[in-house]
Amino acid sequence: MPSAGAALTRGRRRREMAALGMGLGGRRWVRALRRSPARVLPPPQEPAEEPRSPVGPPAVERSSAGPGLWYEKAAPGDGRLRKVVTVAKSRSFRDRHGKVLLEGLRLVRDALEAGAVPRSLFFSAAGLLRELPQARLKGASLVKVKFEEIKSWSDLVTPQGVIGIFSKPDPAKMSYPAAQLASSVPMVLICDNIRDPGNLGTVLRSAAGAGCEKVLLTKGCVDPWEPKVLRAGMGAHFRIPIIANLDWESVPSNLPAAVQVCVADHKDPGAQAEAEPVPQGAGRPGSASGHPKAPVKSKPGAAPPEREDGEGMEGSCTPELTTRYYYESWIQAPAAVVVGGETHGLSLGALHLAASTGGKRLVIPMVPGVDSLNSAVAAAIVLFEGRRQLLQRNKQEDKRQKVPVGG
């Protein structure tokens, strides 16, 4: 039998091993370490960073509008339409960057067909692009936006969902409609200090309707590419050449040789003479007095009215011009007609140019008490009468050529 001392020794060992966390299980764990060497783990590494996309707007959604034609859908908060509409309505922007804003399906289509170069086109429905000559849209930035956004920036009462930014058209590079060119007559319209946008747009429309070859705008006229002028013009900007911002020294170089320049006077000088009462129905229809009036001549040396642009300078004299009623024979080819603004009327530059070419002062007779006609109305009356006289003269010349000469 084991002695008591040996038993005490074994008990002491067990207690020491228990204190050290070892026992039978501990011995097995040590043996396991001896059989399987410890594996050295590498230090933890930070995860690789994903490549960052360049700073800028997210990729836009693009859709096809036809062969070779793509458009993008504006994301929420896209401010491009607001920006271009705001700056394009400024004349300084139009002059500095050479761009104009066109709104409405018809106006944009007329511009594209005439050869105007589109830069950006904002539209609310893809179907609107099918109503435009798509071949002319290639190269332009096409952006689809919500109709509400176009409506908020539109100047139209009923927006059509199309707004375009175009390069300012160059008359020398435009392709005007063949029917317009074939029906034109040798007549040029000169606008003198017409400042009202609605009046100028209507004048341009009348000039296109009367078949004028081109329209010249002198300094002091409103910008023909202002949105209000474009709306009133109803597409006339793309049917007839318009040359703007001319001084009177450069006007003759834009006129044909041997031209006769006539001026349309808003006021009837005969109506301002003594107005004698006449029986109702007496006199010429439409005449201001009861008897036909002889041609009136402008008074030499008369003081011209003061003008904001400094045209009515002291020491200047009004040139003497023979006066004709607009319905009398006054036109000869080629011809030019000057129409002045309602506020300031005809400038001295216009009267001097008419006198130097043997032109006449054209009067539209009115009843006493009527101050003057609207400049757009006066332009329409004179231009269409000038067209009638030119066409009638052409017919008479054709008849003479057909009559055989007696031998």
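Residues numbered from 1 in each chain as written. Predicted model: local features only at pLDDT ≥ 70, side-chain atom pairs only at ≥ 80, totals over all residues. Heavy atoms only, no water.

Student: I tried to follow the sheet that holds strand 10 (residues 260-265) on my own but got confused; where do I start?
Tutor: If you walk across this open sheet you meet the seven strands as 9-8-7-12-10-13-11, and the pairing is parallel. Only two strands of the sheet have a single neighbouring strand rather than two, namely strand 9 (242-246) and strand 11 (322-325). Neighbour to neighbour, the strand axes of the sheet diverge by 25° on average, direction disregarded. Pairing between strand 8 (residues 214-218) and strand 9: three bridges, direction parallel. Residue pairing in the sheet places Thr218 in a bridge with Leu246 of strand 9. Sitting on the sheet, helix 10 (residues 348-356) touches strand 7 (187-192), strand 10, strand 12 (335-340) and strand 13 (360-363), and the angle it makes with strand 10 is about 135°. (Pairing = 2+ DSSP bridges. Helix = DSSP H or I, 4+ residues; strand = E, 2+ residues; numbered from the N terminus. Axes fitted to C-alpha atoms, helices over the stretch in contact; angles between N-to-C directions. Contact = heavy atoms within 4.5 Å.)

Student: Sorry if this is basic, but what is going on with the pairing of strand 5 (residues 141-144) here?
Tutor: On any regular strand, side chains alternate: one points to one face of the sheet, the next to the other face. Across two bridges, the pairing between strand 2 (residues 69-73) and strand 5 is parallel. Bridge pairing links Lys73 to Lys144 in strand 5. The pairing of strand 4 (residues 118-123) with strand 5 spans four bridges and is parallel. From the neighbouring strand, Ser120 faces strand 5, where its bridge partner is Ser141.

Student: Just to check I follow, could you spell out the pattern of salt bridges for this structure?
Tutor: For side chains of opposite charge, pairing can occur when their charged atoms come near one another. What the rule picks out here adds up to nine salt bridges. Here Asp78 ties to Arg80 by a salt bridge, and the two come within 2.7 Å at their closest N and O atoms. The shortest N-O distance in the salt bridge between Asp95 and Arg91 comes to 3.7 Å. In this pair, Asp95 and Arg91 both sit in helix 4 (residues 91-97), four residues apart, roughly one turn of the helix. The class for Asp95 is partly exposed, based on a relative accessible area of 49%. Overall, Arg91 belongs to the partly exposed group, its relative accessible area being 38%. Because the salt bridges share partners, they merge into one network encompassing Glu72, Asp78 and Arg80. (Salt bridge = Lys/Arg side-chain N within 4 Å of Asp/Glu carboxyl O. Buried < 20%, exposed > 50% of the residue type's maximum accessible area, 1.4 Å probe, protein only.)

Student: What am I meant to see in the pairing of strand 11 here?
Tutor: Here strand 11 shows a buried face lined by Thr323 and Tyr325 and an unburied face lined by Thr322 and Arg324. Where strand 11 meets strand 13, four bridges bridge the pair, whose relative direction is parallel. Looking at strand 13, one finds that Tyr325 is bridged to Val363.

Student: Quick question: what am I supposed to make of the confidence of the model for the protein here?
Tutor: Note that predicted coordinates carrying low pLDDT should not be read in detail. Overall, the predicted model of the protein reaches an average pLDDT of 80, with 71% of residues at or above 70. Ranking the elements of the protein by mean pLDDT puts helix 2 (residues 24-35) last, at 54, and strand 8 first, at 98. When the criterion is pLDDT under 50, residues 53-58 qualifies, and its contacts beyond four places in sequence or with other chains add up to zero contacts. Here residues 274-315 scores under 50 on pLDDT; set against residues more than four positions off or in separate chains, the count is 62 contacts. (pLDDT = per-residue confidence, 0-100.)

Student: Can you walk me through helix 8 (residues 197-210) in this structure?
Tutor: Think of an α-helix as turning once every 3.6 residues; residues three or four places apart then point the same way. End to end, helix 8 covers 20 Å across 14 residues, agreeing with the expected 20 Å (1.5 Å per residue, within 8%). Of all 14 residues making up helix 8, 10 are buried, and the element is well covered by its neighbours. Among the residues of helix 8, Pro197, Asn199, Leu200, Gly201, Val203, Leu204, Ser206, Ala207, Ala208 and Ala210 are the ones counted as buried. Those residues of helix 8 that are buried lie in contact with helix 7 (178-182), strand 7, strand 8, helix 9 (227-233), strand 9 and helix 11 (375-402). (Expected span 1.5 Å × (residues − 1).)

Student: Honestly, the environment of Trp225 in this entry has me stumped. Any pointers?
Tutor: Tracing the sequence through the fold places Trp225 in the loop between strand 8 and helix 9. Judged by relative accessible area, which is 8%, Trp225 ranks as buried. The spatial distance from the C-alpha of Trp225 to the C-alpha of Leu102 is 8.9 Å, given a sequence separation of 123 residues. Excluding residues that lie within four positions of it along the chain, Trp225 makes contacts with Arg94, Val100, Lys168, Pro169, Leu230, His237 and Phe238.

Student: Can you help me understand the packing of helix 8 against helix 11 in this one?
Tutor: Orientation of helix 8 relative to helix 11, taken along the N-to-C sense of each, is 10°, at an axis distance of 9 Å. Judged by the inter-axis angle, helix 8 sits roughly parallel to helix 11. Where helix 8 abuts helix 11, its residues Asn199, Thr202, Val203, Ser206, Ala207, Gly209 and Ala210 lie against Ser375, Ala376, Ala379, Ala380, Leu383, Phe384 and Arg387. Partitioned by chemical class, the residues of the contact of helix 8 with helix 11 number eight nonpolar, five polar and one charged. (Parallel < 35°, antiparallel > 145°, perpendicular 65-115°, else oblique. Nonpolar A, V, L, I, M, F, W, Y, C, P; charged D, E, K, R; others polar.)

Student: When you look at the packing of aromatic side chains in this model, what are you seeing that I'm missing?
Tutor: Given two aromatic rings, their pairing is described by the distance between the two centres and the angle made by the two planes. Counted by the stated rule, this structure contains four aromatic pairs. Ring centres 5.3 Å apart and planes at 80° place the aromatic pair Tyr71 and Phe123 in the edge-to-face group. Taken together, the residues span a long stretch of sequence, with Tyr71 in strand 2 and Phe123 in strand 4 at a distance of 52 residues. Measuring from ring centre to ring centre gives 5.9 Å for Trp225 and Phe238, while their planes differ by 50°; the resulting arrangement is tilted. Of this pair, Trp225 sits in the loop between strand 8 and helix 9 while Phe238 sits in the loop between helix 9 and strand 9, and the two are 13 residues apart along the sequence. (Phe/Tyr/Trp six-rings, centres within 6.5 Å; stacked < 30°, edge-to-face > 60°.)

Student: Just checking my understanding: could you explain the environment of Val162 for this structure?
Tutor: Relative to the elements of secondary structure, Val162 occurs in strand 6 (residues 162-167). In the structure, Val162 is positioned 58 residues away from Gly104 in sequence and 5.4 Å away in space, judged by C-alpha atoms. The residues contacting Val162, other than those within four sequence positions of it, are Leu102, Glu103, Gly104, Leu105, Val108, Leu121, Phe122, Leu128 and Ile150.

Student: Help me out: how do you make sense of the environment of Thr357 in this one?
Tutor: Locating Thr357 in the fold gives a position in the loop between helix 10 and strand 13. Here the alpha-carbon distance between Thr357 and Val261, two residues 96 residues apart in the chain, equals 6.1 Å. For Thr357, the residues in contact, after removing those within four places along its chain, are Val259, Gln260 and Val261. Of the polar contacts made by the side chain of Thr357, one reaches the backbone oxygen of Leu353; its length is 3.2 Å. Of note is the side chain of Thr357, whose polar atom sits 3.1 Å from the backbone oxygen of Ala354. (Polar contact = N/O pair within 3.5 Å; in protein donor to acceptor, adjacent residues only side chain to side chain.)

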